[in-house]
Amino acid sequence: MEYLINLAILFGIYSMLALSLNMLIGMGGLVSLAQAAFYGIGAYATAIGMTSLGFGFFTTIILGIIINAVIAFVVGKILARFQGDYYAIVSAGLSIIVFSILQNWKSVTHGPLGIFGIGKPEIGSYAFYSNTAFLGLVAVFTVALYVLYQWINKSSFGRVLKALREDEKLTQSMGYKTKHYKSVIFVLSAALSGIAGAFFASYIAFIDPSSFQLKEGIFLFTIIIVGGLSSALGSIVGALILISLPEVLRFIGLPYETAAQLQQMIYGAMLLLMMIFKPQGLFGKYRM
Amino acid sequence: MKKVKDILNFNKLQSGMTCDITPPTSYGLDIISVKHLTKQFMGIKAIDDLTVGIPQAMTVGLIGGNGSGKTTLVNILTGMLRPEAGEITVRDKKRTHIKSAELRKYRIARTFQDGRLIEQMSVEDNLLLPVTENDLIDSIKEVSISDYKDRLEKVLEMTSLIPHRKKNAEELSYGLRKLLEVGRVLMQDADIYFFDEPFSGLFPEIVEQVCEIICGLQRQGKTIVIIEHNMSLIRRLCDYIIVLNHGKLLAEGKPEDVLQNKAVQESYLGM
Amino acid sequence: MKKWLLTLCMVLALAACKEEKKEETQANADNKPVIKIGAVLPLTGDNSVVGTAVKFGALAAIEDKAKGNLKYHYEAVFEDNQQQPAKTATATNKLIMMDKANMVLSFTTGIGRVVAPLAENAKILHMCSTLEDENATPMGKTSFFQGPTLQTYRQLVFKALQQEKVSKLALLAANVGVACSGTEKLAEALKAKGMETKVECFNPSDLDFRFVIQKYQAQGFNHFYIQFWPPQSNILLRQLSENNVTPNHIFGSGIDVDTDTSLYNGIHCFGGNSGTPEFINRLMEEYHINNVYMAASAYDLISLAIDAFENVEDVNNIDEILAYIKAYATRKCLSGDCKLLNNGFIANKAEWRTYKDGKPVFLGD
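None of these values were measured; they are calculated from a predicted model.

Looking at this structure, I do not really get the interface of chain C and chain A. What am I missing?
Size of an interface, as often reported, equals the accessible area lost when the parts are brought together. Contacts between the two partners involve 45 residues from chain C and, on the opposite side, 40 residues from chain A. Both sides of the chain C and chain A interface together cover about 4,000 Å² of buried area, and 65% of this is carbon and sulfur. Joining chain C to chain A, the criterion identifies one salt bridge. Here chain C and chain A share nine residue pairs in polar contact (both at pLDDT 80 or more) between them. At the level of secondary structure, the elements contributing two or more residues to the side of chain C that touches chain A comprise α1 (2-17), α2 (48-66), β2 (73-80), α3 (85-98), α4 (109-122) and α6 (179-192) of chain C. Ranked by the residues each element gives to the side of chain C that touches chain A, the list is headed by α3 of chain C, at 10 residues.

Now the structure itself:
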């Protein structure tokens, strides 16, 4: 049971990330590979805030949101000059830049040595030391993000996003300043992924830049592709599959000499099969 | 040449049903006009020093051969393109160009020749898109569509889209897609409507349905511009005709006068 | 139809990859109580060569100990973490909670820091095989980290440099883990001993070092100290060779981790205790691996852990186990003399070797 609780915590964290990314890519059509950067910034805000500055966990969440929002606002303006594939490439560049900063700004981030001893959240005198309590907190935030996603999806704001992802000019002709909409969703997505980063840092209690490289952004992208673009349920299910599948494979009785390699092959094959039979993802509502 | 004449049915114009509106004896002020407008593509002038106006509350037929500049003119007037030179006046406000985001402010709505819909969005959402809150903050707060419900139901009925309301636009047949586009402009309650070849490729029943919709707008005193090649429909619906040829104004005026114009007959109608 | 055909082909291909399950340890013929030794290692991904070597080092220890008259039967359970913190957490949790492992072995300090609090919470032993780490203060009361100390390491490197009569040394390192900071401190120490040094660190994505090599060559630096892992290490070695840097002018730490060990012929290699020549040959032949980097360190840690389990009253009493280890950690190891330091770090020797025809040749420690 404890093992499942731990797995559920990671599932919750990645669900938050998937929901925030699906708002951006699924709803807004902005294919960004920079999500890991904002995830990492949120994690480091919590790590540094708690270990060096003595802030509480929830204060560091707010700190991470603010930092991510400011960076996303500025970067969003630059990214807005690009479309389609170029947008993805430039956003990947941001991911690489942020990783380099985390790796090399040793006086602040401790570089590749990482930051350890990150504490757990506290409310008053109650500390979320037990995994069950921590899971409860993760669940609350995940549900909140899910509700927020659905709100945006049903709102006029969401409708405009879904329109501009297909035909920005047409959407503009209906009286919408599409650049502002794109900026808002980019900032919101960045801020929300910072929350996931905060939980990750507190849960693992040790972070280093290796967890926030470009490949993590690609992994998050894979989650929403498998789960389905522009679908909140797809985000959750995609996270569930990609987090739990490698773990399930640990329990298959494979020969020990090749177990790890076979697990990777089976994992890859299953992803491939999913895309063959469900190219739009399991619950996708949008094709790129 | 003979084929063109037959297709355009110039000598056999049907005087069939009209919109039952008394044709005007004189024309009002232009609600939208252009002066010395020029637009080039790779050195070729699609619009060449064009000066023309759209009279208010008129149904204007915009005709001309392929490449005459009709769609280019409409694209400029609806902010899709930016001219290189010239002036545009909208309700007495002079501009060098119109931004597409200003169409709602100017109460201008349009359909597209190639049928531009948001394909992966439902019929309902396509209809709601041009009318819902366009202030950023208010659009985040707006979740309910109750303000637009009545109008939406009316438009869905007028365009026979009630059974298809939840379908994505890409799932609709060609005729229904055209109706959806028309429905979208109906939702907007604009003052100026541009219809770019709204009848092309449609079955006669749907042609009638669209005609009836346009007639309805006429009865409300709206200004309508229709790009169309079918002269019988032009005669039937329009109070005023503008003829373009190679980006220039060839003729304008009442349908009976314009269509008798020798220059129009020679260059456009092929006689 | 095509989709189903493709699916069938993939399933058949995967089925063909399955091998007969080999018994990883001797059967528990006497029905002894079982002690599970869990290990979280990079068995796939960039560091898999070393992870695999550590795995077989641990297996060799279990196999050797089993030859004696033991109270318990020892089973190894290996989980892949791809050297990532998140996967380390889930793998460790699986070992502790599902497999009920009595101890966990991990590799490198960063990963050890993820495992340590989990092991401490579960009140089980955690041992981490690591490279030289100046700040290798074990995290968690139930953890022991083993590796050469920086001082031991530097002394050995200096000895090698003196032997080769090096007066000017360019040091290039990856900005990963302790590589860069350790190399910078090494450069300072060498400078203090009168050597002229230059240091540069590189991001993991940097793959072209030719400009840097030529820059330092132009400044008269013909000897290079490098600290990288593949693929950077292999690319750098090739680029050094292209720029006519002879193998005996190259001093590398943590570089000889490829399966093709002929890459390192003639190069001075440090770190990653491989053990005695007999141990190395045995692992290579028995487990069909070419690289035994860090295998000896894992062997030592597992041997110590098994000794602890065999000599305490209650294997589930972590205090007893810790007390035993603290008393017996200072001893003769395969990795040289092992000494338990005050901060809980078990220091072993640093290793200096080269390769001839792909086989390691020990030059000193």
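So what exactly am I meant to see when it comes to helix α4 (residues 84-104) of chain A here?
Quick reminder: α-helices carry 3.6 residues per turn. Residues three or four places apart thus point the same way. Residue and element names in this part refer to chain A. Taking 1.5 Å of rise per residue, the 21 residues of α4 would be expected to cover 30 Å, and the 31 Å separating its terminal C-alpha atoms lies within 8% of that figure. Taken together, the buried positions of α4 are Y87, A88, S91, A92, L94, S95, V98, F99, L102 and Q103. Turning to α4, the residues buried within the fold contact α2 (35-51), α3 (57-79), α5 (106-109), α9 (178-204) and α10 (214-227).

Looking at this structure, how should I read the packing of aromatic side chains?
What describes a pair of aromatic rings is the distance from one ring centre to the other and the angle between the planes of the rings. Inspection of every chain in the model, using the stated rule, returns 30 aromatic pairs over all chains. Ring geometry for Y44 of chain A and F212 of chain A: centres 6.1 Å apart, planes at 70 degrees, overall edge-to-face. Of this pair, Y44 of chain A sits in helix α2 while F212 of chain A sits in the loop between β4 (206-207) and α10; the two residues are 168 residues apart in sequence, bridging distant segments of the chain. F212 of chain A matches Y44 of chain A in its accessibility class, with the two residues each being buried. Summarising the aromatic geometry, the rings of W229 of chain C and Y293 of chain C are spaced 6.3 Å apart at their centres and angled 75 degrees between planes, so their arrangement reads as edge-to-face. With a gap of 64 residues between them, W229 of chain C in the loop between β8 (223-227) and α8 (232-242) and Y293 of chain C in the loop between α9 (277-287) and α10 (295-311) connect regions that are remote in the sequence. Clustering of aromatic rings is evident, with ring pairs tying together Y14, Y39, Y44, F200, F212 and F219 of chain A. Across from the ring centre of Y176 of chain A, 4.9 Å away, lies the NZ or CZ of R104 of chain B, which sits over that ring.

Explain the pattern of salt bridges here, please?
Once the charged atoms of two side chains with opposite charge are near each other, the side chains can pair. One pass over the structure, following the stated rule, counts 41 salt bridges over all chains. For R287 of chain A, the salt bridge is made with E170 of chain B, and the minimal N-O distance between the two is 2.9 Å. Pair noted here: R287 of chain A is in the segment after α12 (259-277) and E170 of chain B is in the loop between α6 (149-158) and α7 (174-188), and the two residues belong to different chains. On the accessibility criterion, R287 of chain A (40% relative accessible area) is partly exposed.

So what exactly am I meant to see when it comes to the sheet that holds strand β9 (residues 250-253) of chain C here?
Across a sheet, strands are paired by hydrogen bonds formed along the backbone, either parallel or antiparallel in direction. All names here are of chain C. In space, the seven strands of this open sheet follow the order β7-β6-β8-β9-β10-β14-β15, with mixed pairing throughout. The open sheet terminates on both sides in strands that have one partner only, identified here as β7 (196-202) and β15 (359-364). Taken pair by pair, the neighbouring strands of this sheet meet at an average axis angle of 25 degrees, ignoring direction. Alignment of strand β14 (residues 352-356) against β15, held across five bridges, turns out to be antiparallel. Directly across from K356, in β15, lies its bridge partner K359. Most of the contacts of helix α7 (residues 210-218) go to β7, to which it runs at about 170 degrees, and overall it touches β6 (168-174), β7 and β8.

Sorry, what's going on with the packing of helix α1 (residues 2-27) of chain A against helix α11 (residues 232-250) of chain A here?
Residue and element names in this part refer to chain A. Two elements in contact, α1 and α11, have axes whose closest approach is 8 Å; the angle formed by their N-to-C orientations is 140 degrees. Between α1 and α11, the angle is such that the two are oblique. Note that α1 runs across α11; the crossing there is right-handed. Contacts between α1 and α11 involve Y3, L7, L10, F11, Y14, S15, A18, L19 and N22 on the former and, on the latter, A232, S235, I236, A239, L240, I243 and E247. Residues of the contact of α1 with α11, tallied by class, amount to 12 nonpolar, three polar and one charged.

How should the domain arrangement of chain C be read in this particular structure?
All names here are of chain C. You can read the domains of chain C as domain 1 (32-148 + 277-347) and domain 2 (150-270). Summarising the inter-unit geometry, the C-alpha centres of domain 1 and domain 2 are found 29 Å apart. At the interface, 12 residues of domain 1 touch 14 residues of domain 2. Put simply, domain 1 and domain 2 have zero salt bridges between them. Between domain 1 and domain 2 we count one residue pair in polar contact (both at pLDDT 80 or more) in total.

Even after reading the chapter, I still don't get the pairing of β6 of chain C, so can you show me in this structure?
If a strand is regular, its side chains alternate between the two faces of the sheet. All names here are of chain C. When you tally the buried positions in β6, you get six out of seven residues, the bulk of the element. In terms of strand pairing, β6 meets β7 through seven bridges, oriented parallel. By the bridge assignment, L171 is partnered in β7 with V199. Crossover β6 to β7 through α6 is right-handed.

Mind showing me how you'd approach the state of the cysteines here?
Between two cysteines, a covalent bond joining their sulfur atoms is known as a disulfide. Residues and elements named next belong to chain C. By the definition in use, this model includes two disulfides over all chains. Disulfide pairing is shown between C180 and C201; the S-S distance is 2.0 Å. Residues C180 and C201 are joined by a disulfide whose S-S torsion is about 95 degrees; by sign, that bridge is right-handed. Of this pair, C180 sits in helix α6 while C201 sits in strand β7, and the two are 21 residues apart along the sequence. Taking the relative accessible area as the measure of exposure, C201 reaches 27% and is therefore partly exposed. One disulfide bridge connects C333 with C338, the sulfur atoms lying 2.0 Å from each other. The disulfide joining C333 to C338 has a torsion of about -135 degrees about its S-S bond and is therefore left-handed. In this structure C333 comes out as buried when scored by relative accessible area, which is 13%. Looking at C338, the relative accessible area reads 3%, which means it is buried. When the cysteines of chain C that form disulfides are numbered from the N-terminus onward, they connect as 1-2, 3-4. Counting only cysteine sulfurs, C338 is the nearest neighbor of C128, a cysteine outside any disulfide, at a range of 14 Å. C128 sits in the buried class, given a relative accessible area of 0%.

Just checking my understanding: could you explain the interface of chain B and chain A for this structure?
Residue-level contacts link 31 residues of chain B with 25 residues of chain A. Together, the buried faces of chain B and chain A total about 2,600 Å²; carbon and sulfur atoms form 56% of this surface. Of all residues in chain B, Q120, L129 and L136 of chain B bury the most surface against chain A, accounting for 25% of the area lost on that side. At the junction of chain B and chain A, the tally comes to three salt bridges.

Explanation requested: the nonpolar core in the structure shown.
Within soluble globular proteins, side chains that are nonpolar tend to cluster in buried spots. One finds I13, Y14, F199, F200 and I207 of chain A to be the most contacted residues of the largest nonpolar core, which totals 122 residues. Considering every element that reaches this core, the biggest residue donor is α1 of chain A, with 16 residues. Here Y14 of chain A is in contact with Y39, E216, F219, L220, I223, A239 and I243 of chain A, once residues within four sequence places are set aside. With 61 residues, the next largest nonpolar core counts L43, A60, V315 and L340 of chain C among its residues.

I keep staring at the environment of R104 of chain B and nothing clicks. Help me out?
Residue position: R104 of chain B is located in helix α3 (residues 103-106). Sequence-wise, R104 of chain B and L172 of chain B are 68 residues apart; in three dimensions their C-alpha atoms are separated by 27 Å. Aside from chain neighbours lying at most four places away, what touches R104 of chain B is M174, G175 and Y176 of chain A together with L129, P130, V131, T132, E133 and N134 of chain B. Within the structure, the side chain of R104 of chain B is placed 2.8 Å from the side chain of Y176 of chain A, a separation counted as a polar contact.

For this particular structure, what's the right way to read unusual backbone geometry?
Located in the positive-phi region is H110 of chain A, a residue other than glycine, with phi close to 65 degrees. The class of H110 of chain A is partly exposed, set by a relative accessible area of 40%. Even without being a glycine, T108 of chain C presents a positive backbone phi close to 75 degrees. For T108 of chain C, the location among the structural elements is in the loop between β3 (103-107) and α4.

Sorry if this is basic, but what is going on with the environment of D319 of chain C here?
Looking at the element boundaries, D319 of chain C is found in helix α11 (residues 318-328). With 59 residues separating them in the primary sequence, D319 of chain C and D260 of chain C have C-alpha atoms 44 Å apart.

What counts, and at which threshold
Residues numbered from 1 in each chain as written. Chains lettered and ligands numbered in written order. Predicted model: local features only at pLDDT ≥ 70, side-chain atom pairs only at ≥ 80, totals over all residues. Heavy atoms only, no water. Contact = heavy atoms within 4.5 Å. Buried area = accessible area lost by both parts, 1.4 Å probe. Salt bridge = Lys/Arg side-chain N within 4 Å of Asp/Glu carboxyl O. Polar contact = N/O pair within 3.5 Å; in protein donor to acceptor, adjacent residues only side chain to side chain. Helix = DSSP H or I, 4+ residues; strand = E, 2+ residues; numbered from the N terminus. Expected span 1.5 Å × (residues − 1). Buried < 20%, exposed > 50% of the residue type's maximum accessible area, 1.4 Å probe, protein only. Phe/Tyr/Trp six-rings, centres within 6.5 Å; stacked < 30°, edge-to-face > 60°. Lys NZ or Arg CZ within 6 Å of the ring centre and 35° of its normal. Pairing = 2+ DSSP bridges. Axes fitted to C-alpha atoms, helices over the stretch in contact; angles between N-to-C directions. Parallel < 35°, antiparallel > 145°, perpendicular 65-115°, else oblique. Left-handed = near helix turned anticlockwise from the far one by under 90°. Nonpolar A, V, L, I, M, F, W, Y, C, P; charged D, E, K, R; others polar. Domains from an automatic or database assignment. Right-handed = clockwise from strand over helix to strand, strands pointing away. Disulfide = S-S within 2.5 Å. Core = buried A, V, L, I, M, F, W, Y, C linked by side-chain atoms within 4.5 Å.

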